Amino acid sequence: ECVSGCVCPAGLYDDGRGGCVEQKDCPCSHNNQWYSSGEKIKVGCNTCTCQKGTWSCSEQICYGTCMIYGSGHYITFDGKFYDFDGSCEYVATQDFCGDNNSSGSFSIITENVPCGTTGVTCSKAIKIFLGVKLKLENKDYREIQRDVGDDVRYWNRTVGLYLVIEASNGVMLIWDKKTTVFIKLTPDFKGKVCGLCGNFDGKSNNDFTTRSGLQETSALKFGNSWKQSSMCPDATTEIKPCDIKPHRKSWAEKECSIIQSEVFKICHSKVDPKPFYEACVHDACSCDSGGDCECFCSAVAAYAQECTKAEACVFWRTPDICPIFCDYYN
C-alpha cells in the first residue's frame, strides 16, 4: 500500500517501487508481485481489483478441490499438502461424519497399492458410493450395484485426458485414468466432510482430524485412522525412495528441475513450486519398475494444474518432454 514518504512531494505517495504517484494510482502487492491500480487477479474463484493500494475482492463461495496424485501425495480441500504411503483402501472423502455418521449422501474410497519396489503407494482404483456404486480402474469405470429408490443421478464424460464423473448431489470426480484424481465439491459440503481430503472448512490447520474426531499432527496416524479394513497393517514410517535408491536421485533432480525453471517462472509467485518439486523427485526415485516417465510427467502435470487454477497457464509439454498426441485425444 502507498505511504506518504519524505522522498515524495506533498500530495504524492511512495509506490514501493521507487516512484511517487497520486493516491488513486497506488499499486497493490500479492505474492511478492506488484499490480497497478485497476488491475484484476483471480484468487480461487473470486476476482480481486486493485483500488488505491488495497484489494477489493468479490465474495463468492468457491468449489473445493482435493487432489490425490503420484506416490501418495495429497492436497486437501483447504490446501494442506502432505504425503501418506499406506497400502489399503482409505476414505478419501465422505459426508458420513460425526453426528451425521448414519445419514450421509456419498463416500469416495481410494485403493492404494505399492508402486515400484521402494514401498511407496499409488492410487490404483477409486470407488464412489452415491446410492449407485462405481469403480474406476484400469483406465475405465463400471457400475457395480445400484440401490433401489435412490434419486442421486450421475453423468460421465471424457474431457481430453480425463474421465469426469458428475453427480446430482454436487460431487464431481476427475480422473486421469492413472494415479491422479481430483475430487470437487460444491460449497454445500463446507465443513461437512471428513477423510484424507480434510474437512473443507477453509482452515488447513485442522485437516488432520482422525476418524474418531481427534486432531493429529502426524500424517501417519491421521492416514491410518481412515483405512477401511482393520486387516490392513498400519503405515509406520515415512518412505524416502531417494535414500533407498540413491543412484536414481541425480536423474530425478535433473528431470524435476523443470518445475523450478524459467518454464514455470510465471507461476512461481502464484503457487509455491517447492512441495511439487520435492514430490516430483520422490516419485521419480520411486518408479523403478517401469513407468519412469509416467511418474515424472504426472508430478509435473500436478504443478501445471495448480498453476492453471491460479491463472498462470504454462505450456510445458514438448515433443521430448511428456508429449501428448492432441489429435488423438481431440
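Residues numbered from 1 in each chain as written. Predicted model: local features only at pLDDT ≥ 70, side-chain atom pairs only at ≥ 80, totals over all residues. Heavy atoms only, no water.

A. Representation of the pairing of strand 14 (residues 132–137) in the model. For strand 14, the tally of buried residues reaches six of six residues, placing the bulk of the element in the interior. A two-sided burial pattern is seen for strand 14, the buried positions comprising V132, L134 and L136 on one face and K133, K135 and E137 on the other. Of the strand pairs in this sheet, strand 13 (residues 121–129) and strand 14 are connected by four bridges, and their pairing is antiparallel. Bridged to F129 within strand 14 is K133. Between the antiparallel neighbours strand 13 and strand 14 lie two residues, among them G131 with a positive phi of about 95°. As judged from the six bridges shared by strand 14 and strand 15 (residues 140–146), these two strands associate in the antiparallel manner. When the bridges of strand 15 are listed, L134 appears paired with E143. (Buried < 20%, exposed > 50% of the residue type's maximum accessible area, 1.4 Å probe, protein only. Helix = DSSP H or I, 4+ residues; strand = E, 2+ residues; numbered from the N terminus. Pairing = 2+ DSSP bridges.)

B. A look at the pattern of salt bridges. Tallied over the entire structure, the rule returns 11 salt bridges. The shortest N-O distance in the salt bridge between E111 and K124 comes to 3.7 Å. With E111 in strand 12 (residues 107–114) and K124 in strand 13, this residue pair connects regions lying 13 residues apart in the sequence. Among the charged side chains, a network of salt bridges with common partners joins E111, K124, K135 and E137. (Salt bridge = Lys/Arg side-chain N within 4 Å of Asp/Glu carboxyl O.)

C. View of the domain arrangement of the protein chain. As far as domains go, the protein chain holds domain 1 (12–57), domain 2 (64–225) and domain 3 (241–310). For domain 2 and domain 3, the distance between their C-alpha centres works out to 23 Å. Taken together, the contact pairs 21 residues of domain 2 with 18 residues of domain 3. Carbon and sulfur atoms make up 62% of the surface buried where domain 2 meets domain 3, a total of about 1400 Å² over both sides. It is Y69, F81 and T118 in domain 2 that bury the most area against domain 3; as a group they hold 31% of the surface buried on that side. Counting the contacts that link domain 2 with domain 3 gives zero salt bridges. Put simply, domain 2 and domain 3 have four residue pairs in polar contact (both at pLDDT 80 or more) between them. Those elements that place two or more of their residues in the side of domain 2 that touches domain 3 are strand 8 (64–69), strand 9 (73–75) and strand 10 (81–83). When residues in the side of domain 2 that touches domain 3 are grouped by element, the largest group, three residues, is from strand 8. (Domains from an automatic or database assignment. Contact = heavy atoms within 4.5 Å. Buried area = accessible area lost by both parts, 1.4 Å probe. Polar contact = N/O pair within 3.5 Å; in protein donor to acceptor, adjacent residues only side chain to side chain.)

D. Region of interest: the state of the cysteines. Under the criterion given, the structure shown has 11 disulfides. Disulfide partner of C66: C197, at an S-S distance of 2.0 Å. Its S-S torsion of about -75° marks the bond between C66 and C197 as left-handed, since a negative value means left-handed. Residue C66 is found in strand 8, and its partner C197 is found in the loop between strand 19 (181–185) and helix 1 (219–225); the two are separated by 131 residues along the sequence. (Disulfide = S-S within 2.5 Å.)

E. Inspection of the sheet that holds strand 5 (residues 40–43) at higher detail. Strand order across the open sheet formed by three strands is 5-6-7, with antiparallel pairing between neighbours. Across the chains shown, the open sheet's two edge strands, defined by having one partner strand only, are strand 5 and strand 7 (54–57). Put simply, the sheet's adjacent strands are angled 35° from each other on average, direction ignored. Where strand 5 and strand 6 (residues 46–51) come together, four bridges link them in antiparallel fashion. Along strand 6, the bridge assignment pairs K40 with T49. (Axes fitted to C-alpha atoms, helices over the stretch in contact; angles between N-to-C directions.)

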